[in-house]
Amino acid sequence: MTKTIGLICGSLRKDSYNRIIAKSFTDLDDSHQFHWIEINDLPLYNEDLEISGIPETVTSFKSAVQDVDGIIIVSPEYNSGIPGVLKNALDWASRPRDSSVLSRKPVGLIGATPGGLGTAFAQMQIRQILEAMQVHVLPFQKVLISQVHKKIDSDQKVLTDEQTKRYLQQYLHQFIHWIDHTPALD
Ligand code: FNR
């Protein structure tokens, strides 16, 4: 059955490598629907706003998270950790605690870097944060894309490396299976 998959990029950079990797899913697969879930307009999380009024950008972001069957996060690593903008978005999605739109949501993690370690440290952090939010993170699979600048066409902004494309296709297949076998959301 066709799934609706949200794509969140942990980089706000216009020419982000991670965004190019996320976008490649829309080229690699036409049997599922992919929706971008943007995080750039979200205000910094402030608990006071839960009392004074949740901004519209947050409400629509949370609806977008709620409406998809699963989410693939494609994120860079900043200083061996999660980019602040991504943590901010995850914090908003997790609140209020008793109505988190992330709770039991199937999520996959991917990261790309021009460096050699493929965002391994950031992914460990993101996984730990998501597990604290009771997210169903796809287990075991790590997609660590190193030397990403050699695997894309920067002018066309597309993934060109065939091995990475095949790997992402396999990953998507496993992620769809994970969605199908995750206990149903309320
Ligand atoms: C980086 N970069 C980086 N790369 C990495 O592999 N490990 C790291 O710890 C860091 N740390 C880091 C900190 C900060 C503040 C910046 C701006 C960058 C390099 C990073 O991988 C590179 O800039 C990527 O191109 C960022 O991803 P996007 O924007 O291309 O998706």
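As recorded by an unreviewed UniProt entry, the protein chain carries the name NAD(P)H-dependent oxidoreductase and is attributed to Metabacillus bambusae. Entered under Sequence similarities (unreviewed entry) in the UniProt record, the comment concerning the protein chain runs "Belongs to the azoreductase type 2 family."

Colleague: Which residues make up the overall build of the protein chain, and what are the values?
Modeller: Scanning the protein chain from terminus to terminus reveals six helices and eight strands. Across the 186 residues of the protein chain, 39% fall into the buried class. Summarising the internal contacts of the protein chain: among those between residues at least 6 apart in sequence, 79% fall at separations of at least 24.

Colleague: Could you give an account of the site of the ligand, naming the residues involved and the relevant values?
Modeller: The local shell around the ligand holds 15 residues, among which S11, S16, N18, P76 and G115 are the closest. Considering only residue class, the shell around the ligand consists of five nonpolar, eight polar and two charged.

Colleague: Tell me about the nonpolar core, and please be specific about residues and values.
Modeller: One finds L7, I21, I72 and V74 to be the most contacted residues of the largest nonpolar core, which totals 48 residues. Counting residues per element, this core draws most heavily on helix α6 (residues 162-181), at six residues. Each residue touching L7, except ones within four places of it in the same chain, is listed here: A22, F25, F34, H35, W36, I37, I72 and V74.

Colleague: Residues and numbers for unusual backbone geometry, please.
Modeller: Residue R95 is joined to P96 through a cis peptide bond whose omega torsion reads -15 degrees. On the secondary structure map, P96 appears in the loop between α4 (84-93) and β4 (106-112). Phi is positive for S80, which is not a glycine, with a value near 60 degrees. Mapped onto the fold, S80 is located in the loop between β3 (70-74) and α4. The residue K157 is not glycine, and still its phi comes out positive at about 60 degrees. The residue K157 is located in the loop between β7 (152-153) and β8 (158-159) in this model. A count of 15 C-beta atoms within 10 Å places K157 in the partly exposed class.

Quick notes on the rules
- Residues numbered from 1 in each chain as written.
- Predicted model: local features only at pLDDT ≥ 70, side-chain atom pairs only at ≥ 80, totals over all residues.
- UniProt positions renumbered as here; feature names shortened; annotations may be inferred.
- Helix = DSSP H or I, 4+ residues; strand = E, 2+ residues; numbered from the N terminus.
- Buried ≥ 20, exposed ≤ 12 C-beta atoms within 10 Å, placed from the backbone.
- Contact = placed C-beta atoms within 7 Å.
- Near = placed C-beta within 6 Å.
- Nonpolar A, V, L, I, M, F, W, Y, C, P; charged D, E, K, R; others polar.
- Core = buried A, V, L, I, M, F, W, Y, C linked by C-beta atoms within 7 Å.

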